[in-house]
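Understanding the architecture of this molecule
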Amino acid sequence: MSSVETDVAIVGAGPIGLFAVFELGLLDLKAHLIDILDRPGGQLTELYPEKPIYDIPGLPIVTGQELADRLMEQIKPFGATFHLSQMASSLEKLPDGRWKLATDADNEITAKVIVIAAGGGSFVPKRPPIAGIDAYEGKSVHYAVRKMDAFKDKHVLIAGGGDSALDWTLNLAPIAKSLTLVHHRDGFRAAQHSVNRMRELVDAGKVKFQVASVKALHGADGRLEAVTLADADKKEWRHETDAFLPFFGLTIKLGPIAEFGLNLHENLIAVDTAKFESATPGIFAIGDINTYPGKLKLILSGFHEAALMAQAAFHICKPNEKLRFQYTTSSSSLQKKLGVA
Amino acid sequence: MKIRAIDRKGAEHVLEGRDGWSVMEILRDAGLPVAAECGGACACATCHVYVEDGWYGKLPPRSDAEIDMLDMALAVEPNSRLSCQITCKDELDGIKVTIAPE
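Please read all numbers here as calculations on a predicted model, not as lab measurements.

From N to C terminus, chain B includes two helices and five strands. Residues counted as buried form 39% of the 102 residues belonging to chain B. A fraction of 63% describes how many contacts in chain B between residues 6 or more apart in sequence connect residues 24 or more apart.

Now for the environment of Val-271 of chain A. Residue and element names in this part refer to chain A. Note that Val-271 resides in the loop between strand 19 (268-270) and strand 20 (283-285). Separated by 38 residues in the primary sequence, Val-271 and Met-309 have C-alpha atoms spaced 11 Å apart. Filtering out sequence-adjacent residues up to four positions away, Val-271 remains in contact with Phe-276, Glu-277, Ser-278, Ala-285, Asn-290 and Tyr-292.

Opposite the 16 residues of chain B that make contact, chain A presents 18 residues. Per-class residue counts for the side of chain B that touches chain A are eleven nonpolar, one polar and four charged.

Turning our eyes to something else, we now look at unusual backbone geometry. Outside of glycine, negative phi angles account for most residues, and trans bonds account for most peptide bonds. The backbone phi angle of Asn-267 of chain A is positive, close to 65°, even though this residue is not glycine. Classification of Asn-267 of chain A by C-beta neighbours within 10 Å gives partly exposed; the count is 14. One non-glycine residue, Ala-75 of chain B, lies in positive phi territory at about 55°. The topology assignment puts Ala-75 of chain B in the loop between helix 2 (64-70) and strand 4 (80-82).

What follows covers the pairing of strand 2 (residues 12-16) of chain B. Residues and elements named next belong to chain B. Burial analysis of strand 2 places just zero of its five residues in the buried class, which makes it a mostly uncovered element. Pairing analysis gives five bridges linking strand 1 (residues 2-6) to strand 2, with the strands arranged antiparallel. The partner of Ile-6 across the bridge, within strand 2, is Glu-12. Between the end of strand 1 and the start of strand 2, which pair antiparallel, lie five residues, with Gly-10 showing a positive phi angle near 95°.

Take the sheet that holds strand 11 (residues 178-183) of chain A next. Residue and element names in this part refer to chain A. Pairing is parallel across the open sheet formed by four strands, whose spatial order is 12-11-10-16. Each end of this open sheet is capped by a strand with a single partner; those strands are strand 12 (208-211) and strand 16 (243-246). In this sheet, adjacent strand axes meet at a mean angle of 20° when their direction is disregarded. Pairing of strand 10 (residues 155-159) with strand 16, which is carried by four bridges, proceeds in the parallel orientation. Within strand 16, the residue paired with Ile-158 across the bridge is Leu-245.

On to the domain arrangement of chain A, then. Here chain A is described as being made up of domain 1 (2-123 + 251-337) and domain 2 (127-248). In this structure, domain 1 of chain A and domain 2 of chain A have C-alpha centres spaced 38 Å apart.

Next up on the list: the packing of helix 4 (residues 163-172) of chain A against helix 5 (residues 192-203) of chain A. Axis angle and axis distance: for two packed helices, these are the angle between their axes and the distance between the axes, and together they describe the pair. Residues and elements named next belong to chain A. Contact geometry of helix 4 with helix 5 gives a least axis separation of 10 Å together with a crossing angle of 40°. By the angle class used here, helix 4 and helix 5 are oblique. Helix 5 is crossed by helix 4, and the crossing has left-handed handedness. Every residue of helix 5 that contacts helix 4 at Asp-163, Leu-166, Asp-167, Thr-169 and Leu-170 is listed here: Ser-194, Val-195, Arg-197 and Met-198.

All names here are of chain A. As a packed pair, helix 1 (residues 15-26) and helix 3 (residues 64-75) sit with axes 9 Å apart at the nearest point and diverge in direction by 20°. Taken together, helix 1 and helix 3 sit at an angle that is classed as roughly parallel. Crossing hand, helix 1 versus helix 3: left-handed. Facing helix 1, whose interface residues are Pro-15, Leu-18, Phe-19, Val-21, Phe-22 and Gly-25, helix 3 presents Leu-67, Ala-68, Leu-71, Met-72, Gln-74 and Ile-75. Here the residues of the contact of helix 1 with helix 3 sort into ten nonpolar, two polar and no charged.

The subject of this paragraph is the sheet that holds strand 15 (residues 236-240) of chain A. Residues and elements named next belong to chain A. Read from one edge to the other, the open sheet built from three strands follows the order 13-14-15, with strand pairing classed as antiparallel. Pairing within the sheet leaves two strands with one partner each, and these edge strands are strand 13 (213-220) and strand 15. The average angle at which neighbouring strand axes cross in this sheet is 25°, direction not considered. Taken together, the seven bridges between strand 13 and strand 14 (residues 223-230) define a ladder with antiparallel strand orientation. Bridge pairing in strand 14 links Gly-219 to Leu-224.

Keep in mind that low pLDDT regions are not for reading the predicted coordinates in detail. With 100% of its residues at a pLDDT of 70 or more, chain B shows a mean pLDDT of 96. If you check the scores for this complex, the pTM reads 0.89 and the ipTM reads 0.88.

This next bit is on the nonpolar core. All names here are of chain A. Within the largest apolar cluster, 121 residues are counted, with the highest numbers of intra-cluster contacts made by Ala-20, Val-115 and Ile-116. When residues of this core are sorted by domain, at least three fall in each of domain 1 (2-123 + 251-337) and domain 2 (127-248). Those residues within four positions of Val-115 in sequence are excluded, and the remaining contacts are Val-8, Ile-10, Val-11, Ala-20, Phe-284, Ile-286 and Met-309.

Definitions and cut-offs
Residues numbered from 1 in each chain as written. Chains lettered and ligands numbered in written order. Predicted model: local features only at pLDDT ≥ 70, side-chain atom pairs only at ≥ 80, totals over all residues. Helix = DSSP H or I, 4+ residues; strand = E, 2+ residues; numbered from the N terminus. Buried ≥ 20, exposed ≤ 12 C-beta atoms within 10 Å, placed from the backbone. Contact = placed C-beta atoms within 7 Å. Nonpolar A, V, L, I, M, F, W, Y, C, P; charged D, E, K, R; others polar. Pairing = 2+ DSSP bridges. Axes fitted to C-alpha atoms, helices over the stretch in contact; angles between N-to-C directions. Domains from an automatic or database assignment. Parallel < 35°, antiparallel > 145°, perpendicular 65-115°, else oblique. Left-handed = near helix turned anticlockwise from the far one by under 90°. pLDDT = per-residue confidence, 0-100. Core = buried A, V, L, I, M, F, W, Y, C linked by C-beta atoms within 7 Å.

Okay, structure coming up:
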């Protein structure tokens with residue numbers, strides 16, 4: 001548990017949250033960022049790190065990863081603090097007018113301004129559409145492996161065809177009592193060496209692989225006893241197992257922001273277009289998470305929104321100071337902040 | 001061309017396809033619940049549909065990128081496709097798709 005105070009807390013370390021650090025930094029406002037992913041970049045690095053983007057002004061072509069890297073380089077002088085692998089879980093107004101933002105990793109950030117730059121929400125594991133699966137989650141159905149020992153001498157079933165499914169098949173096979181991998185096809189998008197190693201384990205009788213998918217769960221009180229598997233011809237059979245680990249990557253869910261008391265319209269936060277402030281003074285929303293007449297979900301729109309938000313945030317954070325509007329090209333004080341003068 | 005789209009509650013929507021648009025774009029434009037998180041880049045598998053009534057066989061085959069991405073989709077069936085990878089054209093008039101569960 002940690003508790004920090006800052007000017008601005010930014011929910012979301014995607015491209016817009018990152019650029020907000022820059023615009024705030026030029027105005028001497030310090031920022032902390034919270035993101036559920038384990039690295040900055042948001043959708044850029046999680047969804048399309050290798051895909052080219054052609055509509056960033058001045059960059060005729062840039063990949064998602066490159067844009068995230070360049071933004072990180074651009075905001076480096078401002079020393080923002082990142083709270084990664086955690087989700088902003090609650091927001092509370094303090095008697096002195098500031099906000100206390102808590103994360104699910106027990107961190108508390110007290111800030112004068114909150115900026116929601118959360119895109120579509122949090123990246124969370126995809127949950128297979130199997131009836132009653134929620135009763136088993138965290139007990140015998142797991143979307144991540146926290147302690148490998150939990151699967152020692154257990155019958156383990158893994159589903160999926162990506163790197164996580166294959167990596168955990170390889171890691172858990174030596175300690176599990178049995179390990180079965182199921183996937184909808186006899187082919188994988190995972191790294192070839194992992195697939196080769198898995199096939200070696202199958203040949204050696206240490207892993208069982210079946211082209212099948214999980215249709216139903218059987219057990220009681222969260223304790224799994226068996227699942228129903230089915231093949232492509234819809235032939236079903238029962239498979240005994242203690243644990244089920246589905247690995248189908250991540251999807252975006254709004255998450256706890258829905259409970260922050262903001263006026264949401266179809267999971268979007270309505271803002272004005274002068275400050276990009278929500279209906280709650282002191283809480284701003286920029287990037288894909290906001291809505292206003294004419295909104296376009298483009299990275300460049302989010303950059304613009306970040307710049308205007310920062311101007312408004314300045315007046316909240318430094319009510320007695322006059323905002324001096326300057327250009328980085330000509331201002332030696334801005335250039336000092338950027339470390340180039 | 002028309003697209004017959006079945007939503008997650010089983011209701012059928014008849015949509016007007018637009019030449020050159022992807023089926024995902026038509027579904028999204030009609031307000032149907034396809035997340036299409038990556039915006040049509042074949043990078044997220046959240047526009048997953050089942051292509052019904054023999055229409056599956058009339059589509060160009062899945063690309064390697066789509067086959068890879070379907071590995072991240074839930075409840076994949078033999079007639080699964082990513083709707084961002086199906087392009088509207090006259091020959092597909094009447095195509096029926098069911099939006100996959102999320």
